[in-house]
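These are the residues of each chain, in order.
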Amino acid sequence: DAGITQSPRHKVTETGTPVTLRCHQTENHRYMYWYRQDPGHGLRLIHYSYGVKDTDKGEVSDGYSVSRSKTEDFLLTLESATSSQTSVYFCAISPGNEKLFFGSGTQLSVL
Amino acid sequence: DQQVKQNSPSLSVQEGRISILNCDYTNSMFDYFLWYKKYPAEGPTFLISISSIKDKNEDGRFTVFLNKSAKHLSLHIVPSQPGDSAVYFCSNNNDMRFGAGTRLTVKP
């Protein structure tokens with residue numbers, strides 16, 4: 001998986017609790033992305049980062065925040081999880097504005 | 001507002017025949033278009049791309065065609081194999097957004 005590790009792989013949580021998903025890369029790529037995959041919607045971009053401490057919103061950023069304090073780590077936080085955030089979350093990396101390398105995904109269930 | 005759209009949620013073809021997956025886009029300023037393939041329980045993987053200055057790119061059994069006047073691209077797989085059964089996404093390298101995907105099933 002091109003040196004990308006997502007953790008945890010599976011998580012079940014309750015509505016209203018905070019959740020943090022972690023993406024770790026060993027490729028030293030500049031760009032990192034968080035997507036969610038849902039039936040009928042494909043892959044939707046949540047947030048992305050173009051360098052340490054440089055992040056920006058994607059198309060479905062409400063309810064999510066991100067942080068990148070080191071090149072290798074990109075964290076996605078759900079401040080107060082809702083059932084609509086039940087999804088499969090994918091992290092992706094890229095050295096530049098080109099093809100993406102994806103992690104294996106995190107299955108998140110919010111009950 | 002989706003910048004890339006895949007209007008066919010699914011496609012079923014017979015092994016050995018051609019599979020054609022379609023994608024439409026709205027922004028004529030995109031530089032590159034990319035296709036990704038996704039198997040269940042795995043992350044998507046890059047399949048093939050095409051520059052906006054070209055109209056065709058071929059890689060083995062996979063060919064992508066770009067029709068700029070129609071803002072349309074298509075992925076051709078020939079001959080199709082059962083192992084090609086997956087979800088295929090089109091994307092662009094400018095805003096990194098994806099279409100909704102097309103699930104391809106290749107029947108033996």
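Each remark here, short or long, concerns the structure printed above.
Keep in mind that what you see is a predicted model, and the values were worked out from it rather than measured.

**Q** So what exactly am I meant to see when it comes to the overall build of chain A here?
**A** Scanning chain A from terminus to terminus reveals 0 helices and 11 strands. When the helices and strands of chain A are listed from N to C terminus, the series reads β-β-β-β-β-β-β-β-β-β-β. Taking the principal axes of its C-alpha atoms as reference, chain A extends roughly 35 × 25 × 25 Å. Among the 111 residues that make up chain A, the fraction classed as buried is 47%. Of all intrachain contacts in chain A linking residues separated by at least 6 positions in sequence, the fraction that spans at least 24 positions is 54%.

**Q** I keep staring at the sheet that holds strand β8 (residues 73-78) of chain A and nothing clicks. Help me out?
**A** Consider a sheet: its strands pair through backbone hydrogen bonds, and that pairing is either parallel or antiparallel. All names here are of chain A. With antiparallel pairing, 4 strands are arranged side by side in an open sheet as β1-β3-β8-β7. A single partner strand is all that each edge strand has here, and the edge strands are β1 (4-7) and β7 (64-70). Going across the sheet, the axis of each strand differs from the next one's by a mean of 15 degrees, ignoring polarity. Pairing of strand β3 (residues 19-25) with β8 involves 6 bridges; the strand directions are antiparallel. Among the inter-strand pairings, Val-19 is bridged to a residue of β8, identified as Leu-78.

**Q** Help me understand the state of the cysteines in this model?
**A** Any covalent bond linking the sulfur atoms of two cysteines counts as a disulfide. Residues and elements named next belong to chain B. In the structure shown here, the tally under the stated rule is 2 disulfides over all chains. Between the sulfur atoms of Cys-23 and its disulfide mate Cys-90 the distance is 1.9 Å. Classification of the bridge connecting Cys-23 and Cys-90 rests on its S-S torsion, roughly 65 degrees, and on that basis the disulfide is right-handed. Remark: Cys-90 occurs in strand β9 (residues 86-92) and Cys-23 occurs in strand β3 (residues 19-25); sequence separation between them is 67 residues. Summarising the burial analysis for this pair, Cys-23 and Cys-90 share the class buried.

**Q** Teacher, can you tell me more about the pattern of salt bridges here?
**A** Side-chain pairs of opposite charge can arise where the charged atoms are in close proximity. All names here are of chain A. Scanning the model with the defined rule gives 7 salt bridges over all chains in all. The closest approach of N and O atoms between Asp-38 and Arg-36, which form a salt bridge, is 2.7 Å. Residue classification places Asp-38 among the buried residues on the basis of a relative accessible area of 11%. The exposure class assigned to Arg-36 is buried, which follows from its relative accessible area of 8%. As a salt-bridge pair, Lys-70 and Asp-73 come within 3.3 Å of each other at their nearest N and O atoms.

**Q** Any chance you could explain unusual backbone geometry here in plain terms?
**A** Apart from glycine, the bulk of residues carry a negative phi angle, and the bulk of peptide bonds sit in the trans form. The omega torsion of the bond from A:Ser7 to A:Pro8 falls at -5 degrees, within 30 degrees of zero and hence cis. By secondary structure assignment, the location of A:Pro8 is in the loop between β1 and β2 (10-13). B:Val78 connects to B:Pro79 through a cis peptide bond whose omega is -10 degrees. The phi torsion at A:Lys53 lies on the positive side, around 65 degrees, for a residue other than glycine. Along the chain, the position of A:Lys53 falls in the loop between β5 (42-51) and β6 (54-57). Judged by its relative accessible area of 65%, A:Lys53 falls in the exposed class.

**Q** What exactly am I supposed to notice about the pairing of strand β8 (residues 72-77) of chain B here?
**A** Each regular strand shows side chains that alternate between the opposite faces of the sheet. Residue and element names in this part refer to chain B. Within β8, 5 of the 6 residues are buried, which leaves the element mostly enclosed by the surrounding structure. Pairing geometry for β3 and β8, over 6 bridges, is antiparallel. Residue pairing in the sheet places Cys-23 in a bridge with Leu-73 of β8. Pairing between strand β7 (residues 62-67) and β8: 6 bridges, direction antiparallel. By the bridge assignment for β8, Thr-63 is matched with His-76. Connecting the antiparallel pair β7 and β8 is a turn made up of 4 residues, with Lys-71 showing a positive phi of about 55 degrees.

Reading the values: the criteria
Residues numbered from 1 in each chain as written. Chains lettered and ligands numbered in written order. Predicted model: local features only at pLDDT ≥ 70, side-chain atom pairs only at ≥ 80, totals over all residues. Heavy atoms only, no water. Helix = DSSP H or I, 4+ residues; strand = E, 2+ residues; numbered from the N terminus. Buried < 20%, exposed > 50% of the residue type's maximum accessible area, 1.4 Å probe, protein only. Contact = heavy atoms within 4.5 Å. Pairing = 2+ DSSP bridges. Axes fitted to C-alpha atoms, helices over the stretch in contact; angles between N-to-C directions. Disulfide = S-S within 2.5 Å. Salt bridge = Lys/Arg side-chain N within 4 Å of Asp/Glu carboxyl O.

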